[in-house]
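If you want the building blocks of each chain, they are given just below.
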Amino acid sequence: MFTKFEHFAATSLMGNPTEAPPRKDGHLHFDRDWEKMAFGVAIALSKQGYYEWEDFRQTLMATIKEWETTHDLNDPNWDYYQCWLTALETLLIKSGVIAAGELETQLAQLLHCKPSEL
Amino acid sequence: MPSNYPGFKYGTDREAVSAAKVKALESLLIEKGIITGDTVNNILGYFETEMGPFNGAKLVARAWADPDFKARLLADCNAACEELDFPQGMSGAEGEHMRIVENTPEVHNIIVCTLCSCYPWPTLGLPPYWFKDPTFRARVVREPRKVLSEFGVELDDSVEVRVWDSSAQIRWWVLPMRPEGTDGMSEAELAALLTPEAMMGVATVEV
């Protein structure tokens, strides 16, 4: 049966309430633009074969579990896409897409270059 | 407004760092030639245009406008889906064996789901959180009128409520009643009135 990878990836997250992404009115719900980007990058790289989608799911679930064991269940700082981003970073390094420290270097450049460009 | 709540500062700092980090990640992946500027937009475009309740809304609007189509939709939902120009795979995979039941002045239908994967995604989009909650399902079966009233649907005592339990074999969804005052509307205007909740039977369609 033909199924789009995007469809497969999203529906595979729906079985488990903690793993499933926020949604509203039948659509995925993003509060901030960076969430969309993090969501899209995770799916795009798996679609291109940089890692298995199942590995992303497992990393995401492990990240969420880690949060749950170190925070109160009612902690208002809970944020699904923060966990998503952490999982994505972890997996990108583990699968060799980026090297450890590479993202921090890029981030530092971005943060420090920006004011001088303005 | 300044806040003394200690989590607030943490929250906003973390917010700025996350936004910058994703930006950095995007530029890093573009530099490496792994993605282009369009890659992520194409992925998100799929979710924005193909994976949502639009297909169900189009089917219902067509059924309201065309009684013959409605009869075909009620008789064989998947075959009727193929009459509309839907993306490939729409009537397959999770949409397999869909059945639609019609709300009338005499009968109100509502869908529930016992397993985790029996929601009719291709027509209704992604399921709301509460749909898979075992308490929701148990209460709908036990006291459907009370649950419907909590959703804002007040039914006359003469209306029969039917509960349809979706399974891997058959994924049910609901053809809501066409609201009054919509006679001159186009199919597109009618489709815009529909919500996933209305097509699950926990809401009525309002103009």
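Note that the structure is predicted; figures quoted are calculated from it, not measured.

J.: Would you mind going over the layout of surface pockets with me for this structure?
T.: Empty pockets left among the atoms are what a rolling probe the size of a water molecule brings to light. In this structure, the largest pocket spans a volume of roughly 310 Å³. If you trace the largest pocket, you find 19 residues lining it, with B:Thr104, B:His108, B:Met177, B:Thr204 and B:Val205 closest to the centre. Considering only residue class, the lining of the largest pocket consists of ten nonpolar, four polar and five charged. Of the volumes computed, that of the second largest pocket is approximately 190 Å³. In terms of lining, the second largest pocket is formed by twelve residues, of which the most central are A:Thr63, A:Trp67, A:His71, A:Cys83 and A:Thr86. Counting residues per element, the ones that place at least two in the lining of the second largest pocket are α3 (53–70) and α4 (80–94) of chain A together with α1 (6–31) of chain B. The element that contributes the greatest number of residues to the lining of the second largest pocket is α3(A), accounting for four residues. Taken together, the residues that form the lining of the second largest pocket break down as three nonpolar, six polar and three charged.

J.: What is the right way to look at the confidence of the model for chain B in this model?
T.: Low pLDDT means the predicted coordinates in that region are not meant to be read closely. Per-residue pLDDT for chain B has a mean of 86; in total, 87% of the residues score no lower than 70. What the predictor reports for the complex is a pTM of 0.76 with an ipTM of 0.89.

J.: Hey, could you run me through the nonpolar core in this one?
T.: Generally speaking, a soluble globular protein has its nonpolar side chains buried in company with each other. Ranked by size, the top nonpolar core spans 51 residues in total, and within it A:Leu45, A:Phe56 and A:Trp84 carry the most contacts. Within the residue set of this core, elements represented by two or more residues are α1 (5–12), α2 (33–47), α3, α4 and α5 (102–117) of chain A together with α1 and α2 (39–49) of chain B. When residues are assigned to domains, this core turns out to be shared by domain 1 (14–46) and domain 2 (51–191) of chain B, each giving three or more. Ignoring any residue separated from it by four or fewer positions in sequence, one finds A:Leu45 in contact with A:Tyr50, A:Tyr51, A:Leu92, A:Val97, B:Leu29, B:Ile34 and B:Ile35. Among the nonpolar cores identified, the runner-up in size contains 43 residues, and B:Ala63, B:Met98, B:Cys113 and B:Val174 belong to it.

J.: I tried to follow unusual backbone geometry on my own but got confused; where do I start?
T.: Excluding glycine, most residues fall at negative phi; most peptide bonds, likewise, are trans. Within the chain, A:Asp25 stands out as a residue other than glycine whose phi angle is a positive 50°. A relative accessible area of 43% means that A:Asp25 is categorised as partly exposed.

J.: Looking at this model, I keep getting lost on the packing of α3(A) against α4(A). Mind explaining?
T.: When two helices pack together, their arrangement is given by the angle between the helix axes and by the axis-to-axis distance. All names here are of chain A. Running from amino to carboxyl end, α3 crosses α4 at an angle of 125°, the nearest separation of the two axes being 8 Å. For the element pair α3 / α4, the angle class is oblique. As for how α3 packs across α4, the hand of that crossing is right-handed. Of the residues in α4, those in contact with Trp53, Asp55, Phe56, Thr59, Leu60, Thr63, Ile64 and Trp67 of α3 are Tyr80, Cys83, Trp84, Thr86, Ala87, Leu88, Thr90 and Leu91.

J.: Would you take a moment to explain α2(A) for this structure?
T.: Helical geometry note: an α-helix holds 3.6 residues per turn, so side chains three or four residues apart project in the same direction. All names here are of chain A. Spanning 15 residues, α2 covers 21 Å between terminal C-alpha atoms, matching the ideal 21 Å at 1.5 Å per step. Burial within α2 is extensive, with twelve of its 15 residues counted as buried. Of all the positions in α2, only Trp34, Glu35, Met37, Ala38, Phe39, Gly40, Val41, Ala42, Ile43, Ala44, Leu45 and Ser46 are classed as buried. One or two steps after α2, the chain reaches glycine 49, where phi turns positive at roughly 90°.

J.: Just to check I follow, could you spell out the pattern of salt bridges for this structure?
T.: Close approach of charged atoms allows side chains with opposite charge to pair. In total, this model carries 19 salt bridges over all chains according to the counting rule given. Note that B:Glu102 and B:Lys70 form a salt bridge whose closest N and O atoms lie 2.6 Å from each other. Of this pair, B:Glu102 sits in strand β1 (residues 98–102) while B:Lys70 sits in helix α4 (residues 67–75); the two residues are 32 residues apart in sequence, bridging distant segments of the chain. Of the residues examined, B:Lys70 reaches a relative accessible area of 25% and is grouped as partly exposed. Linking B:Arg137 and B:Asp165 is a salt bridge whose minimum nitrogen-to-oxygen distance equals 2.5 Å. Here B:Arg137 is found in helix α7 (residues 134–142), whereas its partner B:Asp165 is found in strand β3 (residues 160–166), with 28 residues between them in sequence. Of the residues examined, B:Asp165 reaches a relative accessible area of 30% and is grouped as partly exposed. Residues participating in the shared-partner salt-bridge network are A:Arg32, A:Glu35, A:Asp79 and B:Glu15.

The rules behind the values
Just so you know, the residues in each chain are numbered from 1, in the order the chain's sequence is written. Think of it this way: whatever chain is written first is A, whatever ligand is written first is 1, and the rest follow in order. The model is predicted, so local features are restricted to residues of pLDDT at least 70 and side-chain atom pairs to those at 80 or more, both for listing and for counting; the totals for chains, interfaces and linings are taken over all residues. Side-chain metrics in this entry use all non-hydrogen atoms of the structure; hydrogen atoms and water are not considered. As defined here, a cavity is a set of points on a 1 Å grid over the protein atoms alone where a 1.4 Å probe fits but cannot get out. A pocket is an open set with protein on both sides within 12 Å along at least five of seven lines, and residues line them when an atom is within 4 Å of a point. Grid points are joined across faces, edges and corners, and a volume is the space filled by probe spheres set on the points. Basically, the charged four are Asp, Glu, Lys and Arg, the nonpolar ten are Ala, Val, Leu, Ile, Met, Phe, Trp, Tyr, Cys and Pro, and anything else, Gly included, counts as polar. Numbering of helices and strands starts at the N terminus; helices are DSSP runs of H or I of at least 4 residues and strands are runs of E of at least 2. Summary of the metric used: pLDDT quantifies the predictor's per-residue confidence within the range 0 to 100. To qualify as a nonpolar core, a set must consist of buried Ala, Val, Leu, Ile, Met, Phe, Trp, Tyr and Cys residues joined through side-chain atoms within 4.5 Å. Whether a residue is buried, partly exposed or exposed follows from its accessible area with a 1.4 Å probe, protein chains only, as a fraction of its type maximum: under 20%, in between, or over 50%, in that order. Per the annotation, domain bounds derive from an automatic or database assignment of domains. The criterion used for residue contact is that any of the two residues' heavy atoms lie within 4.5 Å. Note on definitions: angles span 0 to 180 degrees between N-to-C directions of axes, and those axes are lines fitted to C-alpha atoms, for helices only across the stretch in contact. Oblique is the label for any angle not under 35 degrees, not over 145, and not in the 65 to 115 range, which are roughly parallel, roughly antiparallel and roughly perpendicular in turn. Here is the rule for handedness: rotate from the far helix to the near one, and if that takes an anticlockwise turn smaller than a right angle the crossing is left-handed, while a clockwise turn gives right-handed. Between the first and last residue of a helix there are one fewer steps than residues, each counted as 1.5 Å, and that sum is the expected span. For this document, the term salt bridge refers to a Lys or Arg side-chain nitrogen within 4 Å of an Asp or Glu carboxyl oxygen.

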